[in-house]
Amino acid sequence: MAQPNALPAAPGVYGWHFNHSPGAGLPAGQLLYVGIAPRRMAAHESKQNLRTRVRYHFRGNAEGSTLRLTLGCLLGLELRRVGSGKRLTFGKTGEQELTGWMAENAQVCWLLHPEPWTAESAFIAELDLPLNLDQNRHNKFHAHLKSLRAAARSRARELPILS
């Protein structure tokens, strides 16, 4: 992300791997997650592309990025309700900590594709991508990750809302 404009403002598939494992049982230096931009094309033109989506995963928050939610849960960050109480993030400090961890450890690659949703399905079906939940029930890490995220959400709902 040192050169965010290196990412094309075009549709495609992106993949994340990490120099250090984000959690027990996960390999370092191996592709762990794929995503797409945009989602399926509707009748209107999407504003999402590789550049905007990858930037959001890197600089956004857990509410808008399933990757950030997953990484934060694996790293033991505390998920909290924020604002009106409907949004769940790791709070300002936790999100900053996660961004720092990603800056140190995350690597992203991409593939331009006019219909990325078709490529994403194929990648998830053929590769071991433990951080993907959608379309990935067959992965041995799926149940653990789903449970970990559900527990984090449940705890967050019991805690006071952060301002």
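Structure shown above.
First, a word on what this report is: a plain description of the structure on this page. One numbering rule holds for all chains: residues counted from 1, following each sequence as written. pLDDT decides what is reported in this predicted model: residues at 70 or higher carry local features, side-chain atom pairs at 80 or more are listed and counted, and totals for whole chains, interfaces and linings draw on all residues regardless. Just so you know, side-chain values use all the structure's heavy atoms and leave hydrogens and water out.

## Observations regarding the nonpolar core
Nonpolar core, defined: a set of buried Ala, Val, Leu, Ile, Met, Phe, Trp, Tyr and Cys residues in which side-chain atoms within 4.5 Å join the residues together. Exposure categories follow from relative accessible area, calculated using a 1.4 Å probe and restricted to protein chains: below 20% of the type maximum is buried, above 50% is exposed, and the middle band is partly exposed. Of all hydrophobic cores here, the largest spans 30 residues; its most connected members are W16, F18, M102 and L131. Among the secondary structure elements, those contributing two or more residues to this core are strand 1 (12–18), strand 2 (31–37), helix 1 (50–59), helix 2 (66–74), helix 3 (91–105) and helix 5 (142–158). It is helix 2 that provides the largest number of residues to this core, a total of five residues. Judged by nonpolar contacts, the second largest core, of seven residues, contains V13, V34, I36 and A119. A run of DSSP states H or I qualifies as a helix once it reaches four residues; a run of E qualifies as a strand once it reaches two. Both are numbered from the N-terminal end.

## Re the packing of aromatic side chains
For Phe, Tyr and Trp, rings pair up if their centres lie within 6.5 Å, where Trp contributes its six-membered ring, and each pair is then called stacked (planes under 30 degrees apart), edge-to-face (over 60) or tilted (otherwise). Under the defined criterion, the tally for this structure stands at one aromatic pair. Aromatic pair F18 and W101: ring centres 5.5 Å apart, planes at 35°, arrangement tilted. Separated by 83 residues along the polypeptide, F18 in strand 1 and W101 in helix 3 bring together distant segments of the chain. Since its relative accessible area comes to 18%, W101 is described here as buried.

## Focus on the packing of helix 2 against helix 3
Every angle, taken between N-to-C directions, lies between 0 and 180 degrees, and every axis is a line fitted to C-alpha atoms, over only the stretch in contact when it is a helix. Two numbers describe how helix 2 lies on helix 3: the axes approach to 11 Å, and their chain directions differ by 95°. As far as their axial angle goes, helix 3 and helix 2 are roughly perpendicular. Judged by residue contacts, L67, R68, L71 and G72 of helix 2 engage E95, L98, T99, W101 and M102 from helix 3. For this classification, the nonpolar set comprises Ala, Val, Leu, Ile, Met, Phe, Trp, Tyr, Cys and Pro, the charged set comprises Asp, Glu, Lys and Arg, and every other residue, Gly included, is treated as polar. In terms of residue class, the contact of helix 2 with helix 3 is built from five nonpolar, two polar and two charged. In this scheme, roughly parallel covers angles under 35 degrees and roughly antiparallel covers those over 145, while 65 to 115 is roughly perpendicular and the rest are oblique. Between two residues, a contact is recorded if the distance between any of their heavy atoms is within 4.5 Å.

## Brief notes about the side chain of N136
Note on placement: N136 falls in the loop between helix 4 (116–126) and helix 5. Leaving out residues up to four positions away in the same chain, N136 has contacts with I124, L129 and H142.

## Digging into the sheet that holds strand 1
Only when DSSP finds a minimum of two bridges between them are two strands counted as paired. Taken in spatial order, the three strands of this open sheet run 2-1-5, and their pairing is antiparallel. Each edge of the sheet is formed by a strand with only one pairing partner; in this case those strands are strand 2 and strand 5 (106–112). Mean inter-strand twist for the sheet, computed between neighbouring axes without regard to direction, equals 25°. Of the strand pairs in this sheet, strand 1 and strand 5 are connected by seven bridges, and their pairing is antiparallel. If you follow V13 over to strand 5, its bridge partner there is L111.

## Some thoughts on the side chain of E120
If you trace the backbone, E120 turns up in helix 4. The buried category is assigned to E120, whose relative accessible area is 5%. Apart from residues lying up to four places away in sequence, E120 is in contact with V13, V34, G35, I36, R39, N132 and Q135.

## Quick word on the environment of I36
Checked against the element boundaries, I36 lands in strand 2. C-alpha of I36 to C-alpha of G12: the two residues are 24 residues apart in sequence and 5.9 Å apart in space. Not counting residues up to four positions away in its chain, the partners in contact with I36 are G12, V13, Y14, R53, P116, W117 and E120.

## Description of the pairing of strand 2
Among the seven residues of strand 2, six are classified as buried, and the element is accordingly described as predominantly covered. Examined bridge by bridge, strand 1 and strand 2 share six bridges and lie antiparallel to one another. Note on strand 2: the bridge partner recorded for V13 is I36.

## Quick notes on the pattern of salt bridges
Whenever Lys or Arg places a side-chain nitrogen within 4 Å of a carboxyl oxygen from Asp or Glu, that contact is recorded as a salt bridge. In the structure shown here, the tally under the stated rule is three salt bridges. Of the charged contacts in the structure, one is a salt bridge between R68 and E95, with a shortest N-O distance of 2.8 Å. Of this pair, R68 sits in helix 2 while E95 sits in helix 3, and the two are 27 residues apart along the sequence. The exposure class assigned to R68 is buried, which follows from its relative accessible area of 0%. The exposure class of E95 is buried, given its relative accessible area of 8%. Notably, a salt bridge pairs R80 with E78, separated by 3.3 Å at the nearest N-O pair.

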